[in-house]
Amino acid sequence: MRNKCNSQPEMENLEIDVAGLDVMSPSERNAVWSVGVAVVDITPQEPIHLAGYGYPDRPVPTGIVAHPIAVKAFAMRHKDGSSGIFLAADLIGLSAEVCGEIGRRCEEELGFRRDQVMLTATHTHSGPIVKPFNPCCYGVAPENLPAIDRYTEKVIASSVAVI
């Protein structure tokens, strides 16, 4: 796995015996858990308003990227077949609407029930706005709304793709 964010998820698999904390190769079939991690870059490709920097301090979108941001997945499967996914996005937060859409797509496209997918955000104050948001907090001009719509879709699609 690379340390850099990239647009394609890379999965590393490791099987462990959680009780004994013994690391095993994936070929050992008596492992209790299989786990994997993946990262997908969600750095905006166009100027966009940042969340956490309220209007009027930053009334225009920025196209400056100091550090790439990503959505990361940690997947677990027990030897009994039960599984779960933990997703963390480098954003200020994820709304119920966005989480619901990610959950719906995970179920339809990947077969994971919503209760198998945990979604969280790192709460960075230097990440882009994701819909829905409170427009009075950011002073977003109508002509900048399409970029936020496109970015929100990128976050949703990337959150499913990373799995």
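Every value quoted in this text rests on a predicted model; they were computed, and no experiment measured them.

Some words on the packing of helix α1 (residues 96-110) against helix α3 (residues 145-161)
- Contact geometry for α1 and α3: axes closest at 9 Å, N-to-C directions at 40°. The angle between the axes of α1 and α3 places the two elements in the oblique class. Crossing hand, α1 versus α3: right-handed. Note on element contacts: α3 touches α1 through T152, E153, I156, A157, S159 and V160, opposite V98, E101, I102, R105, C106, E109 and L110.
- Its residues placed into classes, the contact of α1 with α3 shows seven nonpolar, two polar and four charged.

Considerations on the side chain of T152
- Note that T152 resides in helix α3.
- Dropping the residues within four chain positions of it, T152 is found in contact with V98, V130 and K131.

Section: the pattern of salt bridges
- The tally for this structure, following the rule as stated, stands at eight salt bridges.
- The closest approach of N and O atoms between D90 and K72, which form a salt bridge, is 2.7 Å. Pair noted here: D90 is in the loop between β5 (83-89) and α1 and K72 is in strand β4 (residues 70-78), with a separation of 18 residues, a long-range link.
- D115 is paired through a salt bridge with R113; the nearest N and O atoms lie 3.0 Å apart.
- R113 gets classed as partly exposed once you look at its relative accessible area, which sits at 44%.

Points about the pairing of strand β6 (residues 117-121)
- Direction of pairing for β5 relative to β6: parallel, over a ladder of five bridges. Pairing of L87 across the sheet is with L119, part of β6.
- Read from β5 through α1 to β6, the crossover connection turns out right-handed.

Some remarks on the side chain of R105
- Residue position: R105 is located in helix α1.
- Contacts of R105, omitting those with residues within four sequence positions, involve L110, E153, I156, A157 and V160.

Rules of the game
- Residues numbered from 1 in each chain as written.
- Predicted model: local features only at pLDDT ≥ 70, side-chain atom pairs only at ≥ 80, totals over all residues.
- Heavy atoms only, no water.
- Axes fitted to C-alpha atoms, helices over the stretch in contact; angles between N-to-C directions.
- Helix = DSSP H or I, 4+ residues; strand = E, 2+ residues; numbered from the N terminus.
- Parallel < 35°, antiparallel > 145°, perpendicular 65-115°, else oblique.
- Left-handed = near helix turned anticlockwise from the far one by under 90°.
- Contact = heavy atoms within 4.5 Å.
- Nonpolar A, V, L, I, M, F, W, Y, C, P; charged D, E, K, R; others polar.
- Salt bridge = Lys/Arg side-chain N within 4 Å of Asp/Glu carboxyl O.
- Buried < 20%, exposed > 50% of the residue type's maximum accessible area, 1.4 Å probe, protein only.
- Pairing = 2+ DSSP bridges.
- Right-handed = clockwise from strand over helix to strand, strands pointing away.

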